[in-house]
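Tertiary structure, described
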Amino acid sequence: MKTHHYFLFFSYFLMLNCFGQPKREVIELWNGAIPNVIENPEFKEIEIIKDSVVSSLEQVSIPTLTVFKPKQPNGTAVVICPGGGYHHLAINKEGYKVAEWLNTLGITAFVLKYRLPNDAIMEDRTIGPLQDAQRAVRYVRRNGQNWKLNKDNIGIMGFSAGGHLAATLSTQYNKELYKVEDDINARPDFSILIYPVISMKDSITHKGSRKNLLGESPSDIEIETYSNETQMDAYTPKTFLVHATDDKSVPVENSIHYYLALKDYNVSVEIHIYEKGGHGFGLGRGDTNHFWTIACENWLKANKWID
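The text that follows walks through the structure, step by step, so that each part is easy to find.

So, how was this worked out
- Residues numbered from 1 in each chain as written.
- Predicted model: local features only at pLDDT ≥ 70, side-chain atom pairs only at ≥ 80, totals over all residues.
- Heavy atoms only, no water.
- Buried < 20%, exposed > 50% of the residue type's maximum accessible area, 1.4 Å probe, protein only.
- Helix = DSSP H or I, 4+ residues; strand = E, 2+ residues; numbered from the N terminus.
- Pairing = 2+ DSSP bridges.
- Salt bridge = Lys/Arg side-chain N within 4 Å of Asp/Glu carboxyl O.
- 1 Å grid on protein atoms, 1.4 Å probe; cavity = no way out; pocket = protein on both sides within 12 Å on 5 of 7 lines; lining within 4 Å.
- Points joined across faces, edges and corners; volume = space filled by probe spheres on them.
- Nonpolar A, V, L, I, M, F, W, Y, C, P; charged D, E, K, R; others polar.
- Core = buried A, V, L, I, M, F, W, Y, C linked by side-chain atoms within 4.5 Å.
- Contact = heavy atoms within 4.5 Å.
- Expected span 1.5 Å × (residues − 1).
- Arc of directions from axis to C-beta.
- Lys, Arg positive; Asp, Glu negative; His and termini not counted.
- Polar contact = N/O pair within 3.5 Å; in protein donor to acceptor, adjacent residues only side chain to side chain.

**Looking at the pairing of strand 7 (residues 108-113)**
By the criterion of burial, strand 7 is predominantly enclosed, with six of the six residues buried. Residues Thr108, Phe110 and Leu112 of strand 7 are buried on one face, and the alternating residues Ala109, Val111 and Lys113, pointing to the opposite face, are buried as well. Examined bridge by bridge, strand 4 (residues 64-68) and strand 7 share five bridges and lie antiparallel to one another. Across the sheet, the residue bridging to Leu65 is Leu112, located in strand 7. Bridge count between strand 5 (residues 77-81) and strand 7: four bridges; the pairing is parallel. For Ile80, the partnering residue across the bridge sits in strand 7 and is Val111.

**A few points about the pattern of salt bridges**
Evaluated as defined, the whole model comprises twelve salt bridges. One salt bridge in this structure joins Asp182 and Arg142, with 2.6 Å as the shortest N-O distance. With a gap of 40 residues between them, Asp182 in the loop between helix 4 (161-172) and strand 9 (190-194) and Arg142 in helix 3 (residues 128-142) connect regions that are remote in the sequence. The class for Asp182 is partly exposed, based on a relative accessible area of 31%. For the salt bridge of Asp152 with Lys151, the shortest nitrogen-to-oxygen distance reads 3.7 Å.

**Describing empty space enclosed by the protein**
Tallying each qualifying case throughout the model produces one cavity of 30 Å³ or more. Roughly 30 Å³ of internal volume is contained in the largest cavity. Tyr86, Thr126, Pro129, Leu130, His164, Leu165, Thr168, Leu213 and Tyr226 together form the lining of the largest cavity. The set of elements that each furnish at least two residues to the lining of the largest cavity consists of helix 3 and helix 4. The greatest single-element share of the lining of the largest cavity, amounting to three residues, is contributed by helix 4. Of the residues assigned to the lining of the largest cavity, the class counts are six nonpolar, three polar and no charged.

**Overview of the nonpolar core**
Nonpolar side chains tend toward joint burial in soluble globular proteins. Counting residues in each nonpolar core, the largest one holds 83 residues, and the members touching the most others are Leu102, Met157, Trp292 and Leu300. The contacts of Leu300, once residues within four sequence positions are left out, are Leu105, Ile107, Phe190, Ile192, Trp305 and Ile306.

**Things to note about helix 7 (residues 253-264)**
A turn of α-helix holds 3.6 residues, and therefore any two residues three or four places apart point the same way. In this model helix 7 runs 16 Å from its N-terminal to its C-terminal C-alpha over twelve residues, within 8% of the 16 Å that 1.5 Å per residue would give. Of all the positions in helix 7, only Asn254, Ser255, Tyr258, Ala261 and Leu262 are classed as buried. Each buried residue of helix 7 lies within a common arc of 130 degrees when the element is viewed along its axis, so the set occupies one face. Tucked inside the fold, the buried residues of helix 7 contact helix 4, strand 9, strand 10 (238-244) and strand 11 (269-274). One or two steps after helix 7, the chain reaches Asn266, where phi turns positive at roughly 60 degrees.

**What about the side chain of Arg138?**
Within the fold, Arg138 resides in helix 3. At 5.7 Å, Asp182 is the nearest oppositely charged side chain to Arg138, a buried residue that forms no salt bridge. Among the polar contacts made by the side chain of Arg138, one reaches the side chain of Tyr178 at a distance of 2.8 Å. In this view, Arg138 contacts Tyr173, Tyr178, Val180, Ile184, Asn185 and Ala186; residues no more than four positions away in its chain are not counted.

**Side note on the side chain of Thr76**
Structurally, Thr76 can be placed in the loop between strand 4 and strand 5. With a relative accessible area of 0%, Thr76 lands in the buried category. Of the polar contacts made by the side chain of Thr76, one reaches the side chain of Asn153; its length is 3.5 Å. Here Trp305 takes part through its backbone oxygen, which lies 2.5 Å from a polar atom of the side chain of Thr76.

Structure (structure tokens):
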């Protein structure tokens, strides 16, 4: 009997914690009507499992939002864009774990599983991720009452290539990429960019991200359009930037150029550049970059997005 009870409990535990991750509310972003789509039933999403946890995703074609609700929501929301070079999504380290941290601050977090650019599923690969990011912010703002949100306290957060997507949304939120059913604005109220890819220019870009987004031989216009340091204006959202000087994948100049461009437009910006940390340090790995979350929390408090 005891063995039987244990088996039932274990089975129930597995159902609630598939691959070590609890079930949460998952919202299909487009309700089946995905724009810019090429139907390709053979193109399947791939889950990469590490230590019994879904650590990353490849070949994403159906975008979703996973909702992380804090015990005591304060009305602020953040849409999180995991990185992965526009090749995969580091959905656990730069998505779910970050959402759990934001929950401790009272922030309602939405992890965006955005489409990864691919000619096999998109008519125009360059705009697919941005379409999803625009839709995500509009969705959260439009339905904010469901989570007790303040529609003017909705931010975007991105890591690495996800930082490029977050910065692209922050500078191109008004770009008409799909038919919008109402007048809900896609502009984030603030941006948090962690070791972001900002530029598509040869001198400082992450070439893998550029190739995956723009293709092998992008035009000068495409490079300029997706070099976010050249796309901002005075309405670009307030921004918090984090980078490591010894980042060998995405040079620190990406964040520096974005910072200087924001400064030129008198947009409020704070930047933290750490001596060590490399790339992809997420919530911190023991160097001084470990403390970026404390600095970010203080920045959020100073701007009244958290108490």
